[in-house]
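Close look at the chain arrangement
Below, each chain spelled out in residue letters.
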Amino acid sequence: MIESDAFVQAMQDMGVNFFTGVPDSILGGIIAELMDRRLYTPAVREDEAVAMAAGAYMGGKIPAVLMQNSGLGTSLNTLISLNMIYRQPCILIVSWRGQGGKDAPEHLVMGEVMPQFLETMKIPHRTLTEKTAVEDFKWVAETFMKQRIPVALIITKGVVKGLHP
Amino acid sequence: MRPEQGTLISRAQAMAALLELLTDQPLIVCNGFPSREVQKIADRPTHFYMIGSMGNAPAIALGVALAKPEKQVVTFDGDGNVLMSMGTLATIGALRPKNFIHVVFDNEVYGTTGNQPTISNVVALDKVAKSAGYVNVERVLDRDDLVYEFKDILKKDGPSLLLIKVNEFAEDAGRVVLDPPDITKRFMKAIE
């Protein structure tokens, strides 16, 4: 399991210096660490977080947005009509609720379709694992720089230490 | 017709008055007619014109304001836009960025799509902003008040919201001419 502080440090080492989002339990440890480091600006909706990140990017920051995968639905129009059309990159750190059909009912449909959903939206994505973490972060940084569009790093349950281990 | 309709100025007239008072502040303009009108009245590289993502103008401006705390950041918004993302008023009110100025042109209709009514005739968006924690909130109906209040807001720490009741008239302005990626690049360079 990756420690939350190691995860945040890896993001900072990558140059990410603006974090916003809407919480999820899987991301709880990461958000707590970001708040400890006074790096986190909370948003009330995922589309707002994505738009705030776009503004921060234009102001010279490298932004990341944390969200549960349901937030991809909420922020769909912003990702498409702002980030994609205006070429404004951001790193989406998305928790994979409903993966493998083992979760509360509200997560099951998005949990099942999320990979196809990201592909349809042409958002490059990769699922973080402890074993491949170094390459995963490298891939995120390179894709972000090269494509200038949102890139998603998917976090599954138990890969990064949460608030309740 | 609203009771005060005959006495109200148009959004473009209000914009022209505000743009005279602005210099090199980053300005994020919401989608639809407002971006097209600002482009026609005074196009500056510090302007970010939106062509989609309705409701997101203040969130984009907030991101710029947080990244550039030394610059006053302004957003031109509409009543339909504010209603769509009313939560963003709360985010801004809670964060209290001092360098944030929110201008809402309130014509009580979705003008770009054919003047369908919004609900801002019964929901006072300035009061919502005040309750959400905006520090300075003003509501104006005519040009003189608008100029007076905006000059005052420019001197104060925010977040501030200026709500301008305007009529439904839309300027004959063409679509936003720059390609969106060029708008991004030009804006980034101008506010560096």
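Criteria and thresholds
- Residues numbered from 1 in each chain as written.
- Chains lettered and ligands numbered in written order.
- Predicted model: local features only at pLDDT ≥ 70, side-chain atom pairs only at ≥ 80, totals over all residues.
- Helix = DSSP H or I, 4+ residues; strand = E, 2+ residues; numbered from the N terminus.
- Rg over C-alpha atoms; globule rule 2.2 N^0.38 Å.
- Buried ≥ 20, exposed ≤ 12 C-beta atoms within 10 Å, placed from the backbone.
- Contact = placed C-beta atoms within 7 Å.
- Pairing = 2+ DSSP bridges.
- Axes fitted to C-alpha atoms, helices over the stretch in contact; angles between N-to-C directions.
- Arc of directions from axis to C-beta.
- Right-handed = clockwise from strand over helix to strand, strands pointing away.
- pLDDT = per-residue confidence, 0-100.
- Core = buried A, V, L, I, M, F, W, Y, C linked by C-beta atoms within 7 Å.
- Nonpolar A, V, L, I, M, F, W, Y, C, P; charged D, E, K, R; others polar.

**What about the overall build of chain A?**
Each helix and strand in chain A was counted, giving seven helices and six strands. Each helix (α) and strand (β) of chain A, taken in turn from the N terminus, gives the series α-β-α-β-α-β-α-α-β-α-β-α-β. Its C-alpha radius of gyration of 14 Å places chain A within 12% of the 15 Å reference for a compact globule of 165 residues. Along the first, second and third principal axes, the C-alpha atoms of chain A reach 40 × 30 × 30 Å.

**Some words on the overall build of chain B**
On a plain count of helices and strands, chain B comes out with eight helices and eight strands. Relative to a compact globule of 192 residues, whose C-alpha radius of gyration would be 16 Å, chain B shows 15 Å and is just as compact. Overall, the C-alpha framework of chain B stretches about 45 × 35 × 30 Å when taken along its three principal axes. Split into buried and exposed, the 192 residues of chain B put 49% on the buried side. Put simply, 74% of the contacts in chain B that link residues at least 6 apart link residues at least 24 apart.

**Here's the deal with helix α3 (residues 57–67) of chain B**
Where burial is concerned, most of α3 of chain B is hidden: eleven out of the eleven residues are buried. Turning to α3 of chain B, its buried residues are A57, P58, A59, I60, A61, L62, G63, V64, A65, L66 and A67 of chain B.

**Remarks on the sheet that holds strand β7 (residues 136–140) of chain B**
Residue and element names in this part refer to chain B. Read across the open sheet, the six strands follow the order β2-β1-β3-β4-β8-β7; overall the sheet is parallel. If you trace the sheet from one side to the other, it starts and ends with β2 (47–49) and β7, each paired once. Taken pair by pair, the neighbouring strands of this sheet meet at an average axis angle of 15°, ignoring direction. For strand β4 (residues 100–106) and strand β8 (residues 160–165), the ladder comprises six bridges, and the chain directions are parallel. Along β8, the bridge assignment pairs F105 with I164.

**Brief notes about helix α5 (residues 76–86) of chain A**
Within α5 of chain A, the full set of buried residues consists of T78, L79, L82, N83 and Y86 of chain A. Relative to the axis of α5 of chain A, the buried residues are bounded by an arc of 120° and lie together on one face. In this structure, the buried side of α5 of chain A is in contact with α3 (46–58) of chain A together with α8 (180–191) of chain B. Backbone geometry just downstream of α5 of chain A places R87 of chain A in the positive-phi region, at approximately 55°.

**Some remarks on the environment of V159 of chain A**
Residue and element names in this part refer to chain A. Its place among the elements puts V159 in the segment after β6 (151–155). Along the chain, V159 and E130 lie 29 residues apart, while their C-alpha atoms are 6.5 Å from each other. Once residues lying within four places of it in the same chain are set aside, the contact partners of V159 are M1, I2, L128, T129 and E130.

**Quick notes on the pairing of β8 of chain B**
Residues and elements named next belong to chain B. Within β8, six of the six residues are buried, which leaves the element mostly enclosed by the surrounding structure. The side-chain alternation of β8 yields two buried faces, one formed by S160, L162 and I164 and the other by L161, L163 and K165. Note: β7 against β8, five bridges, orientation parallel. Paired with R139 across the strands is L163, a residue of β8. Each parallel crossover has a hand, and for β7 linked through helix α7 (residues 143–155) to β8 it is right-handed.

**Some thoughts on the confidence of the model for chain B**
Atomic detail in the predicted coordinates should be set aside for any region of low pLDDT. Summing up the model confidence of chain B, the mean pLDDT is 95 and the portion of residues at 70 or higher is 97%. Predicted complex metrics record ipTM = 0.96 and pTM = 0.97.

**Overview of the sheet that holds strand β4 (residues 91–95) of chain A**
Residues and elements named next belong to chain A. Judged by pairing direction, the sheet is parallel, and its six strands sit side by side in the order β2-β1-β3-β4-β6-β5 without closing on themselves. Strand pairing shows two members of the sheet lacking a second neighbour, β2 (40–42) and β5 (125–127), which therefore form its edges. Averaged over neighbouring strand pairs, the angle between their axes works out to 25° when direction is ignored. Sheet analysis places β5 next to β6, joined by three bridges and oriented parallel. Across the sheet, residue T127 finds its bridge partner in β6, namely I154. Sheet strands in contact with helix α2 (residues 28–36) are β1 (18–21), β2 and β3 (63–68), and its direction is about 115° off that of β2.

**Re the nonpolar core**
In this structure, A53, V65, I91, I93 and I155 of chain A together with V29 and I164 of chain B are the most contacted members of the largest nonpolar core, which totals 101 residues. The residues contacting I164 of chain B, other than those within four sequence positions of it, are A14, V103, V104, F105, D106, V140 and L146 of chain B.

**Describing the interface of chain B and chain A**
Taken together, the contact pairs 25 residues of chain B with 25 residues of chain A. When contributions to the side of chain B that touches chain A are tallied by element, the ones reaching two or more residues are α3, α5 (87–95) and α8 of chain B. Its residues placed into classes, the side of chain B that touches chain A shows 15 nonpolar, nine polar and one charged.

**A few points about the pairing of strand β3 (residues 73–78) of chain B**
Residues and elements named next belong to chain B. Across the six residues of β3, six count as buried, placing the element largely inside the fold. In the sheet, strand β1 (residues 27–29) pairs with β3 via three bridges, with the strands oriented parallel. Bridging from a neighbouring strand, L27 pairs with V74 of β3.

**Regarding the environment of L19 of chain B**
Residues and elements named next belong to chain B. By secondary structure assignment, the location of L19 is in helix α1 (residues 11–21). Placed 23 residues apart in sequence, L19 and A42 show a C-alpha to C-alpha distance of 7.2 Å. Filtering out sequence-adjacent residues up to four positions away, L19 remains in contact with I41 and A42.

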